[in-house]
Amino acid sequence: MAASSSLPHHVPTALTLLFILVSATTTNGSIGVNYGTVADDLPPPGEVARFLLQSTVINRVRIFDPNPELIQAFAHTGIQLTVTVPNDQIPRLANLSFAQQWIKSYIQPYFPATNLVRILVGNEVLSTGNRLLIGTLVPAMQTLHAALAGASLDRRIQISTPHSLGILSASTPPSAGKFHGGYDVHILKPLLGFLRSTNSPFMINPYPFFGCSEETLDYALFRPNLGFLDPNTRIRYTNMLDAQLDAVFSAMKSLGFGDLEIVIAETGWPSKGEPSQIGAGQENAAQYNRNLMRHVNSGDGTPLMPNRTFETYIFSLFNEDLKPGPTCERNFGLFGPDLTPAYDVGILRPTARSSGPTATPSPAEPDGGGERKGAGKWCVAKEGADVDSLQRNIDYVCGALVGLGPGCGPIQEGGECFFPDTVRAHAAYAMNAFYQAMGRNDYDCDFRRTGAITAVDPSYGNCKYGH
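As a starting point, this report considers the structure included with it. In this text the structure is predicted, and so the values were computed from the model without any measurement.

**Side note on the overall build of the protein**
- A tally of helices and strands in the protein yields 12 helices and 16 strands.
- Scored against the burial criterion, the 467 residues of the protein give a buried share of 55%.
- Put simply, of all contacts in the protein between residues at least 6 apart along the chain, 71% involve residues at least 24 apart.
- Approximately 19,100 Å² of the protein is accessible, and the part contributed by carbon and sulfur atoms is 50%.

**Points about helix α9 (residues 240-254)**
- The terminal C-alpha atoms of α9, which comprises 15 residues, lie 21 Å apart, in line with the 21 Å expected from a rise of 1.5 Å per residue.
- Within α9, 13 of the 15 residues are buried, leaving the element largely enclosed by the surrounding structure.
- Two to three positions downstream of the cap, the backbone nitrogen of Leu241 sits 3.2 Å from a side-chain oxygen, assigning the N-cap of α9 to Asn239.
- Count one or two residues on from α9 and you reach Gly256, which has phi positive near 90 degrees.

**Some remarks on the pairing of strand β14 (residues 312-315)**
- Covered by surrounding structure in β14 are Thr312 and Ile314 together with Tyr313 and Phe315, the residues of both alternating faces.
- Note that strand β2 (residues 31-35) and β14 share 4 bridges and pair parallel. Bridge pairing in β14 places Asn34 opposite Phe315.
- By the bridge criterion, 2 bridges tie strand β13 (residues 262-267) to β14 in an arrangement that is parallel.

**Here's the deal with the state of the cysteines**
- In total, this model carries 3 disulfides according to the counting rule given.
- Two residues, Cys379 and Cys445, share a disulfide whose sulfurs are 2.0 Å apart. Classification of the bridge connecting Cys379 and Cys445 rests on its S-S torsion, roughly 90 degrees, and on that basis the disulfide is right-handed. You can see Cys379 sitting in strand β15 (residues 378-381) and its partner Cys445 sitting in the loop between α12 (423-437) and β16 (451-454), a full 66 residues away along the chain.

**Considering the pattern of salt bridges**
- Counting across every chain of the model gives 6 salt bridges.
- With a closest N to O distance of 3.3 Å, Glu311 and Arg60 form a salt bridge. Of the two residues, Glu311 is situated in the loop between α10 (282-296) and β14 and Arg60 in strand β3 (residues 60-63); the sequence distance between them amounts to 251 residues. Taken individually, Glu311 and Arg60 each receive the classification buried, so the pair is uniform in this respect.
- In this structure, Arg118 engages Glu311 in a salt bridge whose closest nitrogen and oxygen atoms are separated by 2.8 Å. Pair noted here: Arg118 is in strand β5 (residues 116-121) and Glu311 is in the loop between α10 and β14, with a separation of 193 residues, a long-range link.

Criteria and cut-off values
- Residues numbered from 1 in each chain as written.
- Predicted model: local features only at pLDDT ≥ 70, side-chain atom pairs only at ≥ 80, totals over all residues.
- Heavy atoms only, no water.
- Helix = DSSP H or I, 4+ residues; strand = E, 2+ residues; numbered from the N terminus.
- Buried < 20%, exposed > 50% of the residue type's maximum accessible area, 1.4 Å probe, protein only.
- Contact = heavy atoms within 4.5 Å.
- Areas by Shrake-Rupley, 256 points an atom, 1.4 Å probe, with all protein chains shown as cover.
- Expected span 1.5 Å × (residues − 1).
- Polar contact = N/O pair within 3.5 Å; in protein donor to acceptor, adjacent residues only side chain to side chain.
- Pairing = 2+ DSSP bridges.
- Disulfide = S-S within 2.5 Å.
- Salt bridge = Lys/Arg side-chain N within 4 Å of Asp/Glu carboxyl O.

Here is the structure:
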């Protein structure tokens, strides 16, 4: 196939994100992303880090284990990195010599080149019901902090641990929020005391998706709704996230720790789920995450915590196809493996603000293989098409369209459709350009079965797809 020598050959770039200073209008809020790796189709960590740095406004990332390759990938990027200690390591970290060796192995070799800002000791430990893990959680945090102090890093790196909402015995109404008895005084009060003494935040994993029903879907998605009235405070809540956060705040305040910062360590919405799961889907996922970012960065806070912004980590950077459990567990990702946005949430830099062709639009089925020459039809890359095939499509089309209209100029560097700089995004533009130039015949969108016709306009921002 012919190839245009002026078109850069793509190597799929990839980067992970943890925290992102972003809102719909790029305010000074704190939005990050969780970078999970339970998948077999993810790009190399170094490419992920470069992508986040160069193409997104993300400046914070959380990883789920102290993987040296991941930690090293973020060196010299300035991106704030949070590292998680796996749950099974918690009992050993209560031993000072082991904690010191852990710091020497996983922190000191990479700091300060990698901007390590926080270590999370386990994830949702209290919800495991494991008495050994629960009993050694606070001692492990204290001992790890002592090891950081011995390395003169205790003022640079915080220690905390994230909790599920399962730590609450009561959450409705929000003003009556309480921690489970037994955990409140014996575990959570010492934990909160440690966080206060080290100027570290209390971290929580609220998921309105898992708490909503058909009747409360609008309430969970920040959409207009009748809301929920707290009979104790006479405050009307208009979104579920505020109610969940205020329930946690009330529980903390009841123990005397209402002054601590709360960080949202995980929250998100799946783009796909089981048929029985209410609300799972791409449109709702996009709406939840867009509204989430706008809300936590607005400075409005919550009814019981007014005038605050909340450091928030979206779950997750990628879909993780090897995770067990229901379908939704594998479909929380913001990006595909080639870094094409799954949907538009406003996390690309201004030159690519609208996130490029959002997840491949649903293809309209050809009617019998005949011609389809009406307006309002576009050709895009079929979901699942491999990167090498899509690159060949780019090379072929950009050779065939030389001198014809704008050709492939818009997807070359500096062009209106250059961002996102991924094979899939550029292939979608090139394949559609060929389809339109050839007269919108179904067979001109076949591309050896890697193309699909859609009735959804894939244009975005200043990048306009012809039709």
